[in-house]
Amino acid sequence: MGISERHQSILKKLKEEGKVNIQELSDEMQVSSVTIRKDLKFLEEMNLLYRTRGGGSLTNPYIMERSIHEKALINADEKQKIAKKALTFVHNHDSIIIGSGTTAFELARQLSPSHHVTVITPAAKVTLELSNKPNIEVFQLGGLIRSKSSSVIGTVAEHTLEGISCELLFMGVDGIDMEFGFSTTNINEASLGLKMIESAQTVFVLADSTKFNKRGLGKICNLEQVQYLITDDKVSPKDIKFLEERGVQVIVAK
């Protein structure tokens, strides 16, 4: 297969699947991985794809940071369904952590327990939403508040979490990449996210399908560190299978 034929074949596969893998292309075309990397570099220079770790993608895998107000307008219906599904895992007398992000906030907005529930959160918006609701005790983590997310970051919140153990964590993310793991656009929020994971017995990631095959600047954790992912029905079966093979139970909110 000549260079031009390889390029056409790569672009065809990319159009069909949205992404390509270097090793798979190397095996299919019976050329070295070095040759495929050169092909991908050329195609990226022609603005026909984005190179990623181990392959290429039609969409830019790196996420631009947006304010929480902008994010709230994206896939609002899907976020409501995801939050509603997440509520079914909250039981009376639970102690839970609700992280920052618009899907996590939607969970707080819908939370209305019939008996006592304790909520620990870094998110100022979550605290304000829950502070006057009956049967909910709110523990607001302290620290520097980031204007982009209306959430605290820093060592004060991280040290506080070291002394906390609770049943559930509901966490939003900016990116889900099958190699990089779960990530966010801010390194300090990623560090706090890992501390929240260490404080919870069971971890839920709440993320709509637009977060898949994306990477934020700061890695929160590996795929294997999360027990459940609640998402919408636009996620590809291939991605669901990949996650479940790594121990993440994917729940599709409909």
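One can find the structure itself at the top, above this paragraph.
Residues numbered from 1 in each chain as written. Predicted model: local features only at pLDDT ≥ 70, side-chain atom pairs only at ≥ 80, totals over all residues. Heavy atoms only, no water.

When helices and strands are counted, the chain shows 10 helices and 15 strands. What you see for the chain is a C-alpha radius of gyration of 20 Å, in line with the 18 Å of a compact globule of 254 residues. C-alpha extents for the chain along the principal axes are approximately 70 × 35 × 30 Å. By the burial criterion, 46% of the 254 residues in the chain qualify as buried. In the chain, once contacts between residues fewer than 6 apart in sequence are set aside, the share between residues at least 24 apart is 59%. Summing over all exposed atoms, the chain offers an accessible surface of approximately 12,700 Å²; the carbon and sulfur share of this is 51%. Taking the average location of the 31 positive side-chain charges in the chain and that of its 32 negative ones, the two points are 4 Å from each other. (Helix = DSSP H or I, 4+ residues; strand = E, 2+ residues; numbered from the N terminus. Rg over C-alpha atoms; globule rule 2.2 N^0.38 Å. Buried < 20%, exposed > 50% of the residue type's maximum accessible area, 1.4 Å probe, protein only. Contact = heavy atoms within 4.5 Å. Areas by Shrake-Rupley, 256 points an atom, 1.4 Å probe, with all protein chains shown as cover. Lys, Arg positive; Asp, Glu negative; His and termini not counted. Charge placed at Lys NZ, Arg CZ, Asp CG, Glu CD.)

Another point: the sheet that holds strand β9 (residues 166-172). Overall, parallel pairing links the seven strands, which are arranged β6-β5-β4-β9-β12-β14-β15 in an open sheet. The open sheet has two free edges, formed respectively by β6 (136-140) and β15 (249-252), since each of these has just one partner strand. Along the sheet, successive strands turn relative to each other by an average axial angle of 20°, direction set aside. Note: strand β5 (residues 117-121) against β6, five bridges, orientation parallel. Bridge pairing in β6 links I120 to F139. Contacts between helix α5 (residues 76-87) and the sheet are confined to β9, β12 (200-206), β14 (228-231) and β15, with β14 contributing the most and set at about 140° to the helix. (Pairing = 2+ DSSP bridges. Axes fitted to C-alpha atoms, helices over the stretch in contact; angles between N-to-C directions.)

Spatially, the three strands line up as an open sheet ordered β10-β11-β13, and their pairing is antiparallel. Here the strands that pair on one side only, and so sit at the sheet edges, are β10 (175-177) and β13 (218-221). For this sheet the average axis-to-axis angle between neighbouring strands, irrespective of direction, equals 35°. Taken together, the three bridges between β10 and strand β11 (residues 181-184) define a ladder with antiparallel strand orientation. Residue pairing for β11: I176 is matched across the bridge by F182.

Right, let's talk about the packing of aromatic side chains for a bit. In the structure shown here, the tally under the stated rule is four aromatic pairs. Taking the centre distance of 4.7 Å and the plane angle of 10° together, the rings of F204 and Y228 count as stacked. Within this pair, whereas F204 is found in strand β12, its partner Y228 is found in strand β14, the two being separated by 24 residues in sequence. What makes F204 buried here is its relative accessible area of 2%. Here the aromatic residues F89, F170, F204 and Y228 are joined through ring pairs into a cluster of three or more. The side chain of K125 reaches across the aromatic face of F105, ending 4.5 Å from its centre. (Phe/Tyr/Trp six-rings, centres within 6.5 Å; stacked < 30°, edge-to-face > 60°. Lys NZ or Arg CZ within 6 Å of the ring centre and 35° of its normal.)

Attention now moves to the pairing of β14. Here β12 runs beside β14; their pairing, made up of three bridges, is parallel. For L206, the partnering residue across the bridge sits in β14 and is I230. Sheet analysis places β14 next to β15, joined by four bridges and oriented parallel. The residue bridging T231 from the neighbouring strand is V252, located in β15. What joins β14 to β15 is helix α10 (residues 237-245), and the crossover it makes is right-handed. (Right-handed = clockwise from strand over helix to strand, strands pointing away.)

A surface patch of nonpolar side chains, amounting to about 270 Å² of accessible area, comprises F42, M46 and L48. For M46, the position within the fold is in the loop between α3 (33-45) and β2 (50-52). (Patch = residues over 30% accessible without salt bridge, like charges linked within 9 Å, V, L, I, M, F, W, Y side chains within 5 Å. Salt bridge = Lys/Arg side-chain N within 4 Å of Asp/Glu carboxyl O.)

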